[in-house]
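Each chain, written out:
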Amino acid sequence: MAATPLVEVGALFAAVAVGGAVATRVGQSVIPFYVLAGVLVGPDVLGRVGAPHVAPGDVITVLAELGIVFLLFFLGLEFSIDRLLASRDRITAAGTIDLVINFPVGVAVGLVLGWSAVEALFLGGIVYISSSAVITKSLIDLGWIANDESDPMLGTLVFEDLVIAVYLTVMSAAVLGGGDSSAVAVDLAVATGFLLALFAVARYGTGLVERLVDGDTQELQLLRAVALTVLVGGIALEIGVSEAVAAFFVGMAVGSTEHSDDVEHLLMPVRDLFAAVFFFWIGLETNLAAMAATAGIVAVLVVLTTPTKLVSGYLGGRRYGLDGRRSFRVGAGMVTRGEFSLVIATLAASGATPILRETIPSLAVGYVLVMSVLGTTLMTYSDVVWRRIGGA
Amino acid sequence: MAVYESDLPGVGKKFEVDLDDESRLVVVIHNTGKRELFIRPDPDADSEKLFELSDKLARQVGTIMEGAYFQPIKTDDIETVLSEESLIEWVKVPAESPVAGETLEDAGIREETGASVVAIQRDGETITNPGPDTTLMPEDTLVAVGSREEHDELESFVAGE
């Protein structure tokens, strides 16, 4: 059956709405359920049995890209250099512990598998970055937001955001550019130049950005903010820079204007809408056979990278002066991986080698499915686990 | 009384207020406007959620708590007590006030009443630390520090009584 795009988009939203409802019912985060919804109504499950299904196509891909752009835009919007500087000692200490313990594990697994350096670095990023969306949501749901453990968790997430902006810049130059190292160097220079320009605008061009997003009505303000974000993201992609990083800087620029709060309120539903499409699209693109083929690697990663986050989170909590039980909570909370691991995997998929195109995206989906459910569950039962392992 | 404020990136802001006993009141203001109130019975305990309010409701409840509708302690206006003998009050400059159009220096508010004007609210904007050459306009709201008697003086002085 050749469905019109409108029907497909309608079916998409129906599927994520059902997925979200199920997630809430079973007390889990929505992200894995959006992904599963994509897998289920996609060509690999419904399509295989000959039922009407949603086919991957340009329309959904563009909507999903908007999801990436708005996810990162919000990361930038809520990212404050002043905040980072205000408690830089503790944030830097906890953030560095998190980085040096978790990132190398993924890289090491990649290298042991015989992958190239770039491929291994992608795996490092995927296992390193915790899920801001899921963790923040869980903090609110569990009421931990009012406790002291929320400080190191949110602080570490801010640190990760900064690392991931730099990381995506470097990695996108490595895959979006040509093959040889001199081409990579040129692309990296172009990317760096573009991003430095964006950063300069974000830091010193507040007046300009202020005028750009200053609409007379809510409607005009919404349109201006969306236009600015998507256009800069699109231009970035045109010249071989990650649209995600560009959106991050646009978010940072808007965040320093006095319209920050208005834009945040206006765009939050837009982000939620397209982010849901992004996760759905990830599921849609997932090849179940390829996912099954990576199950072994996923299992190894789960076994290795759950304890590393527990340890790094625990040490980070200790640096914030928390007791053992709360520090363990920090670790349990940081276990969840989600949206940014998938953003990194999407970037990897634009690479040239079979490992980048097939293996990494497939394993990232499996990994995120397991880690988001495992992380959310660990948070809920952290005190029980803490007592079980003999904590006082 | 100590109030601790901290940022919650991606969520909003957190305010912690020490209560008289060991416990602490925790207010989380979400970027969405939602307010959540928690109580932490002692430093080691987990915060227990008391209730949550929408932005609008929180403002209404806040105004009631502030005493804008009913002041149990005898006072005529909204005021903030700094210490036994000094408080902050908000005084409106009536349209026909004799001081309207004069500078702070010419009006001689401090000399006449003893109260000091620390800020002027005008058309939704606040002029902090107004200098002696600041001109008072009709409909201004003066934010003044002084004793209760000085505030009474100020009010009648501004009204031209």
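Further up the page is the structure itself.
Attention in this report is confined to the structure presented alongside it.

Criteria and thresholds
Residues numbered from 1 in each chain as written. Chains lettered and ligands numbered in written order. Predicted model: local features only at pLDDT ≥ 70, side-chain atom pairs only at ≥ 80, totals over all residues. Heavy atoms only, no water. Helix = DSSP H or I, 4+ residues; strand = E, 2+ residues; numbered from the N terminus. Rg over C-alpha atoms; globule rule 2.2 N^0.38 Å. Buried < 20%, exposed > 50% of the residue type's maximum accessible area, 1.4 Å probe, protein only. Contact = heavy atoms within 4.5 Å. Lys, Arg positive; Asp, Glu negative; His and termini not counted. Charge placed at Lys NZ, Arg CZ, Asp CG, Glu CD. Patch = residues over 30% accessible without salt bridge, like charges linked within 9 Å, V, L, I, M, F, W, Y side chains within 5 Å. Areas by Shrake-Rupley, 256 points an atom, 1.4 Å probe, with all protein chains shown as cover. Salt bridge = Lys/Arg side-chain N within 4 Å of Asp/Glu carboxyl O. Expected span 1.5 Å × (residues − 1). Arc of directions from axis to C-beta. Buried area = accessible area lost by both parts, 1.4 Å probe. Nonpolar A, V, L, I, M, F, W, Y, C, P; charged D, E, K, R; others polar.

Some details on the overall build of chain B
Turning to step 1, where the next piece is worked out: From N to C terminus, chain B includes four helices and 10 strands.
Turning to step 2, where the next piece is worked out: Since a compact globule built from 161 residues should have a radius of gyration of about 15 Å, the 20 Å found for chain B marks it as more spread out than a globular shape.
Turning to step 3, where the next piece is worked out: If one aligns the C-alpha atoms of chain B with their principal axes, the spans along those axes are about 55 × 35 × 25 Å.
Turning to step 4, where the next piece is worked out: When the 161 residues of chain B are sorted by exposure, 35% land in the buried category.
Turning to step 5, where the next piece is worked out: Relative to all contacts within chain B whose residues are 6 or more apart in sequence, the contacts with residues 24 or more apart total 40%.
Turning to step 6, where the next piece is worked out: Averaged over its 14 positive side-chain charges, chain B has a centre that lies 10 Å from the centre of its 38 negative ones.

Some details on a nonpolar patch on the surface
Turning to step 1, where the next piece is worked out: On the surface, A:Val18, A:Val22 and A:Val26 cluster together into a nonpolar patch covering about 250 Å² of accessible area.
Turning to step 2, where the next piece is worked out: Among the structural elements, A:Val22 can be located in helix 1 (residues 5-25).

Details of helix 11 (residues 218-238) of chain A
Residues and elements named next belong to chain A.
Turning to step 1, where the next piece is worked out: Taking 1.5 Å per residue as the helical rise, helix 11 with its 21 residues ought to reach 30 Å, and the 30 Å between its terminal C-alpha atoms agrees with that figure.
Turning to step 2, where the next piece is worked out: Gln-221, Ala-225, Thr-229, Val-232, Gly-233 and Ala-236 are the residues of helix 11 that are buried. The buried residues of helix 11 occupy an angular sector of 100 degrees when the element is viewed end-on, so they sit on one face. Away from its buried face, by an angle of more than 90 degrees, helix 11 presents the exposed residues Glu-219, Leu-223, Leu-231 and Glu-238.
Turning to step 3, where the next piece is worked out: With its phi angle positive at about 85 degrees, Gly-240 sits one or two positions after the end of helix 11.

Details of the interface of chain A and chain B
Turning to step 1, where the next piece is worked out: The interface is formed by 21 residues belonging to chain A together with 21 residues belonging to chain B.
Turning to step 2, where the next piece is worked out: Buried surface at the junction of chain A and chain B, both sides included, amounts to about 1600 Å², of which 49% is carbon and sulfur.
Turning to step 3, where the next piece is worked out: The tally of links between chain A and chain B comes to five salt bridges.
Turning to step 4, where the next piece is worked out: Across the side of chain A that touches chain B, the residue classes tally to six nonpolar, five polar and 10 charged.

Here's the deal with a negative patch on the surface
All names here are of chain B.
Turning to step 1, where the next piece is worked out: Side chains of Glu-84, Glu-85, Glu-105, Asp-106, Glu-111, Glu-112, Asp-133, Glu-149, Asp-152, Glu-153, Glu-155 and Glu-161 sit close together on the surface and give a patch of like negative charge.
Turning to step 2, where the next piece is worked out: Those elements that provide at least two residues to the negative patch are helix 2 (104-107), helix 3 (109-113) and helix 4 (148-159).
Turning to step 3, where the next piece is worked out: Examined against the element boundaries, Glu-84 turns out to sit in the loop between strand 6 (79-83) and strand 7 (86-92).
Turning to step 4, where the next piece is worked out: Given a relative accessible area of 77%, Glu-84 falls into the exposed group.

Quick word on unusual backbone geometry
Residues and elements named next belong to chain B.
Turning to step 1, where the next piece is worked out: If you check the backbone angles, Asn-129 has positive phi at about 45 degrees while not being a glycine.
Turning to step 2, where the next piece is worked out: Along the chain, Asn-129 turns up in the loop between strand 9 (125-128) and strand 10 (141-146).
Turning to step 3, where the next piece is worked out: Take Asn-129: its relative accessible area is 66%, and that puts it in the exposed class.
Turning to step 4, where the next piece is worked out: Positioned with a positive phi, Glu-139 is a non-glycine residue whose angle comes to about 75 degrees.

Structural notes on the pattern of salt bridges
Turning to step 1, where the next piece is worked out: As enumerated under the stated definition, the model contains 27 salt bridges over all chains in all.
Turning to step 2, where the next piece is worked out: The salt bridge partner of A:Asp151 is B:Lys14, with a shortest N-O separation of 3.8 Å. Here B:Lys14 lies in strand 2 (residues 12-18) and A:Asp151 lies in helix 8 (residues 150-176), a pairing that spans two chains.
Turning to step 3, where the next piece is worked out: Relative accessible area serves as the criterion here: at 23%, A:Asp151 is assigned to the partly exposed category.
Turning to step 4, where the next piece is worked out: By relative accessible area, which is 0% here, B:Lys14 ends up buried.
Turning to step 5, where the next piece is worked out: For the salt bridge of B:Lys14 with B:Glu16, the shortest nitrogen-to-oxygen distance reads 3.7 Å.
Turning to step 6, where the next piece is worked out: Using a relative accessible area of 6% as the deciding quantity, one classes B:Glu16 as buried.
Turning to step 7, where the next piece is worked out: Here the residues in one salt-bridge network are A:Asp148, A:Asp151, B:Lys14, B:Glu16, B:Asp18, B:Arg24 and B:Arg40, joined through shared partners.

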